[in-house]
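Descriptive structure summary
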Amino acid sequence: MVHLAEGFEAFYEREYHRVVSFGQALTGSWPAAEDAAQEAFLRAHRDWDRIGRYDHPGAWVRRVVANLVASAFRRRLAEARALVRLAARRGPAQAADPAGVDFWRAVRALPRRQAQTIALFYLEDWTTAEIARVLGCTEVTVRGYLHKGRQALARRLGDQDEEAE
Amino acid sequence: MSIDARGRRAAQTLRRDAERRGPAPDLGVLHRRARRRAVGRTGLAALAVVVAVAVAWQGLPFWPDRAPAGSTDGWPGVAGLDRRVRDAVPTGMASEADVAAASDAVWVLNRSQPSGDAILVRVDPATDRVVARIAVGPAAVRVAAGDGSVWVLRSSLNSSDLVEVDPASNRVARTVPLGNSTGPARAFGEHLLVAGGAVWVMNQAGILRVDPGSGRVMTVVGADRYGPLSGLATAGGSVWAVAGMVVQQIRPQDGTIGWEDAPEELGPMIPSGLAAGEEPG
């Protein structure tokens, strides 16, 4: 599928929030996720002639985000910057869903590749083939990550049904 | 609830939360932010080159194996200390000291007097002679000179104040109380600065701006909101501070914060100090 015809702006508008959500699931930090997502979209924009021709440019952007948020320093820096930006105009506090917070915290405690797989599986509802494209591995590997990740989550979150599978 | 149900619900919450935060930022904003960071990176790279050239030119740091004592007479042109040390003046016993330079005087704060009081020693750089010794009382920790005045910061557990020394008479002119600091510590250590027509103090209370005319003390609001303060310096007509990972520019005329950012170029360490200077020429 060639996305060049769609144009970068449309792609950006459509994907932005989902990509930030993916980053937030991996970091637990909105500023870090936003920083990584913006950096990834900027890179995509600069090279859109090439990336726009990919079957799935959204997968490419998520892969960049996954790599960027793996850096603890970058995360801390992004948070400091966001504090600066938001210091003067703090928005209303977001109502956090405690169950959701616990779930993503448990996801972040998983090994990195398992966490990325689980985040893409639930957030994007993607097939294992699509997830494999983001992670740069085989479908079989993704299925392994998914299985082990869900088992570990069930243990951590106390879901007996899943653990018994 | 199964893991799948939990996961889908958590994903839904996350997506909703993202959308609630407003539309995607304009692409122009993203590009401008990237350009600013690129400019900062280029500046840091240039600075690194300058430092590397300077170090190569001057040679590697040299640690003297013994400290000089007594008189400079026995020092062979002082070059024995280090080839880059051009001069030395004995100012008395001091285990801890601070120093400030003005155009016509070097001020050394000698904190280790037997009486417990600190002595401010004035050295004439033209003749290498100590021309005055001024008692500035106990708990003196910093000295700063600028705008034709000399200030000493005294800081104890319960209170702190500023002592102004008149360089014309070499006497203590007045004392400006800075108040008590009873809240949480907002800074690592103390700093003192004379810049932009005001005296600046960084201590446990935060950053204080002291008007030298009226003696009025005001706190720089929000200076410590990103973490404990760790540095204070002046350059380009502004006062600069570091709080956590954030560098802040403070307007000297009213003590408000102008620009602030966490430069990526600082690297993965939290800064523990700050120095600033002007480009020569």
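Residues numbered from 1 in each chain as written. Chains lettered and ligands numbered in written order. Predicted model: local features only at pLDDT ≥ 70, side-chain atom pairs only at ≥ 80, totals over all residues.

Side note on the overall build of chain A
- What chain A contains, in helices and strands, is 10 helices and 0 strands.
- Secondary structure elements of chain A occur, N-terminal to C-terminal, as α-α-α-α-α-α-α-α-α-α.
- The buried share of chain A, reckoned over its 165 residues, is 45%.
- Here the analysis covers contacts within chain A between residues at least 6 apart in sequence; of these, 63% occur between residues at least 24 apart. (Helix = DSSP H or I, 4+ residues; strand = E, 2+ residues; numbered from the N terminus. Buried ≥ 20, exposed ≤ 12 C-beta atoms within 10 Å, placed from the backbone. Contact = placed C-beta atoms within 7 Å.)

Structural notes on the overall build of chain B
- Check the secondary structure of chain B and you find 2 helices and 16 strands.
- Put simply, chain B has 281 residues, and 28% of those count as buried.
- By sequence separation, contacts in chain B at least 24 residues apart represent 38% of the contacts at least 6 residues apart.

Quick word on the pairing of strand 9 (residues 191–195) of chain B
All names here are of chain B.
- Counted residue by residue, strand 9 has 5 buried out of 5 residues, so it is predominantly covered.
- Judged by which residues are buried, strand 9 turns out to be covered on both faces: His191, Leu193 and Ala195 on one side and Leu192 and Val194 on the other are all buried.
- Bridging between strand 9 and strand 10 (residues 198–203) involves 5 bridges; their strand directions are antiparallel. Residue pairing for strand 10: valine 194 is matched across the bridge by valine 199. (Pairing = 2+ DSSP bridges.)

A word on the environment of Thr256(B)
- For Thr256(B), the location among the structural elements is in the loop between strand 15 (246–250) and strand 16 (257–261).
- C-alpha of Thr256(B) to C-alpha of Val220(B): the two residues are 36 residues apart in sequence and 6.2 Å apart in space.

Let's talk about the interface of chain B and chain A
- Taken together, the 31 residues of chain B in the interface contact 36 residues of chain A.
- Those elements that provide at least two residues to the side of chain B that touches chain A are helix 1 (3–20), helix 2 (27–58) and strand 16 of chain B.
- Taken together, the residues that form the side of chain B that touches chain A break down as 14 nonpolar, 6 polar and 11 charged. (Nonpolar A, V, L, I, M, F, W, Y, C, P; charged D, E, K, R; others polar.)

Focus: helix 7 (residues 112–124) of chain A
Residue and element names in this part refer to chain A.
- The end-to-end C-alpha separation of helix 7 is 18 Å, in line with the 18 Å expected for 13 residues at 1.5 Å each.
- Counting buried residues along helix 7, 11 of its 13 residues qualify, which places the element largely inside the surrounding structure.
- Those residues of helix 7 not exposed but buried are Gln114, Ala115, Gln116, Thr117, Ile118, Ala119, Leu120, Phe121, Tyr122, Leu123 and Glu124.
- Once helix 7 finishes, aspartate 125 follows within two positions and takes phi at roughly 60°, a positive value. (Expected span 1.5 Å × (residues − 1).)

Description of the sheet that holds strand 14 (residues 238–243) of chain B
Residue and element names in this part refer to chain B.
- Within the open sheet, the 4 strands sit side by side as 13-14-15-16. Their pairing is antiparallel. Of all the strands in the sheet, the pair left with one neighbour each is strand 13 (229–235) and strand 16. With direction set aside, neighbouring strand axes in the sheet form an average angle of 20°.
- Across 5 bridges, the pairing between strand 14 and strand 15 is antiparallel. By the bridge assignment for strand 15, tryptophan 240 is matched with glutamine 249. (Axes fitted to C-alpha atoms, helices over the stretch in contact; angles between N-to-C directions.)

What about the confidence of the model for chain B?
All names here are of chain B.
- Within chain B, residue pLDDT values average 79, and 78% of them lie at 70 or more.
- Within chain B, the element-level pLDDT minimum falls on helix 2, averaging 75, and the maximum on strand 6 (residues 149–155), averaging 92.
- Note on residues 59–80: pLDDT under 50 across the span, and 18 contacts to partners over four residues away in sequence or across chains.
- Here the predicted complex scores 0.53 on pTM and 0.78 on ipTM. (pLDDT = per-residue confidence, 0-100.)

Topic: the environment of Trp200(B)
All names here are of chain B.
- Here tryptophan 200 shows up in strand 10.
- A sequence separation of 10 residues divides tryptophan 200 from valine 210, and the C-alpha atoms of the two residues are 6.2 Å apart.
- Setting aside chain neighbours within four positions, we find tryptophan 200 in contact with Leu193, Ala195, Ile207, Arg209, Leu232 and Val239.

Digging into helix 4 (residues 57–68) of chain A
All names here are of chain A.
- Helix length check: helix 4, at 12 residues, gives a terminal C-alpha distance of 17 Å against a target of 16 Å (1.5 Å per residue), a fit within 8%.
- Counting buried positions over the 12 residues of helix 4 gives 9, a clear majority of the element.
- Considered for burial, the residues of helix 4 that qualify are Pro57, Gly58, Trp60, Val61, Arg62, Val64, Val65, Ala66 and Leu68.

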